[in-house]
Amino acid sequence: MFLALWVGGLVVALILVGLFVFGLRRRLIQRSGGTFDCSLRWNVPEEPDLSGKGWVYGVARYSEDQIDWFRVFSYALRPRRVLERSAIEVVARRLPEGEEELALLSDAVVLGCLHRETRLELAMSEDALTGFLAWLEAAPPGQRVNVA
């Protein structure tokens, strides 16, 4: 009986520590500012896939001339993807359709992009999208910007 209570307490403590580390990691990512919630779908086929598969919820952070994208449900302190401003080309903008609406946040807008020949989609709020497009257009003089 005592052993079962001790093991149960240990399991609860480990779960609480895990949740604390998730929260601490998110605070560390957001500490430098310039972050926004952003779902990502990498290597998207040319024809739209409305099944909702492939979307990963994350947090993006502006970092000079790049966007660092972190998975929310991860313990890694390094970004999962790094998108350079000069390599991002916006090719489409749309609202989520079909089962995508269930996979994304309720107010999300989907932005189709090319990054170094790789097709990807970013889903973010309308406010975050306005900031993202302004950041893209604010590239230093002499850099190519491709916003559709």
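Residues numbered from 1 in each chain as written. Predicted model: local features only at pLDDT ≥ 70, side-chain atom pairs only at ≥ 80, totals over all residues. Heavy atoms only, no water.

Identification of the chain as DUF2550 domain-containing protein from Streptomyces pulveraceus is taken from an unreviewed UniProt entry.

Enquirer: Explanation requested: the sheet that holds strand β8 (residues 118-125) in the structure shown.
Expert: Sheet strands pair by backbone hydrogen bonding; their relative direction is either parallel or antiparallel. Read from one edge to the other, the open sheet built from four strands follows the order β2-β8-β7-β6, with strand pairing classed as antiparallel. The sheet is open, and its two borders are formed by β2 (39-42) and β6 (88-94), each paired with just one other strand. Taking the axes of each pair of neighbouring strands and ignoring which way they run, one obtains an average angle of 25° across the sheet. Bridge count for β6 against strand β7 (residues 108-115) is six bridges, and the pairing is antiparallel. What sits directly across from Arg94, in β7, is Val110. (Pairing = 2+ DSSP bridges. Helix = DSSP H or I, 4+ residues; strand = E, 2+ residues; numbered from the N terminus. Axes fitted to C-alpha atoms, helices over the stretch in contact; angles between N-to-C directions.)

Enquirer: What exactly am I supposed to notice about helix α3 (residues 126-137) here?
Expert: Two residues of an α-helix separated by three or four positions point the same way, owing to the 3.6 residues in each turn. Taking 1.5 Å of rise per residue, the twelve residues of α3 would be expected to cover 16 Å, and the 17 Å separating its terminal C-alpha atoms lies within 8% of that figure. For α3, every residue scored as buried is listed here: Ala128, Leu129, Phe132, Leu133, Trp135 and Leu136. In a view along the axis of α3, the buried residues occupy a sector of 155°, so they form one face of it. Exposed positions of α3 whose direction lies more than 90 degrees from the buried face are Asp127, Thr130 and Glu137. (Expected span 1.5 Å × (residues − 1). Buried < 20%, exposed > 50% of the residue type's maximum accessible area, 1.4 Å probe, protein only. Arc of directions from axis to C-beta.)

Enquirer: Teacher, can you tell me more about a nonpolar patch on the surface here?
Expert: On the surface, Phe2, Leu3, Trp6, Val7, Leu10, Val11, Val12, Leu14, Ile15, Leu16 and Leu19 cluster together to form a nonpolar patch covering roughly 1200 Å² of accessible area. Mapped onto the elements of the fold, Trp6 is located in helix α1 (residues 2-30). (Patch = residues over 30% accessible without salt bridge, like charges linked within 9 Å, V, L, I, M, F, W, Y side chains within 5 Å. Areas by Shrake-Rupley, 256 points an atom, 1.4 Å probe, with all protein chains shown as cover. Salt bridge = Lys/Arg side-chain N within 4 Å of Asp/Glu carboxyl O.)

Enquirer: Would you explain the side chain of Arg41 in this entry?
Expert: Relative to the helices and strands, Arg41 resides in strand β2. A distance of 3.1 Å separates a polar side-chain atom of Arg41 from the backbone oxygen of Lys53. Of the polar contacts made by the side chain of Arg41, one reaches the side chain of Glu100; its length is 2.9 Å. If we ignore the near neighbours within four places in the chain, the residues touching Arg41 are Asp49, Gly52, Lys53, Gly54, Trp55, Arg94, Glu100, Arg119, Leu120 and Glu121. (Polar contact = N/O pair within 3.5 Å; in protein donor to acceptor, adjacent residues only side chain to side chain. Contact = heavy atoms within 4.5 Å.)

Enquirer: Is there a simple way to think about the nonpolar core in this case?
Expert: One broad rule of soluble globular proteins: the nonpolar side chains tend to lie buried together. Within the largest apolar cluster, 21 residues are counted, with the highest numbers of intra-cluster contacts made by Phe36, Leu122, Met124 and Phe132. Those elements that provide at least two residues to this core are β4 (66-71), β6, β7, β8 and α3. The biggest single contributor to this core is α3, with six residues. If we ignore the near neighbours within four places in the chain, the residues touching Phe36 are Gly58, Val59, Ala60, Tyr62, Ile67, Met124, Ala128 and Phe132. Leu104, Ala108, Val110 and Ala123 belong to the second-largest nonpolar core, a separate cluster that totals five residues. (Core = buried A, V, L, I, M, F, W, Y, C linked by side-chain atoms within 4.5 Å.)

Enquirer: Mind showing me how you'd approach the packing of aromatic side chains here?
Expert: Two aromatic rings are characterised by how far apart their centres lie and by the angle between their planes. For the structure on display, the rule yields three aromatic pairs. What links up through ring pairs into an aromatic cluster is the set Phe36, Tyr62, Phe132 and Trp135. One cation-aromatic arrangement involves Arg81 over Trp42; the distance from NZ or CZ to the ring centre is 4.1 Å. (Phe/Tyr/Trp six-rings, centres within 6.5 Å; stacked < 30°, edge-to-face > 60°. Lys NZ or Arg CZ within 6 Å of the ring centre and 35° of its normal.)

Enquirer: What exactly am I supposed to notice about the environment of Phe36 here?
Expert: Structurally, Phe36 can be placed in strand β1 (residues 35-37). For Phe36, a relative accessible area of 11% puts it in the buried group. Residues Phe36 and Val59, 23 residues apart in the sequence, show an inter-C-alpha distance of 5.7 Å.

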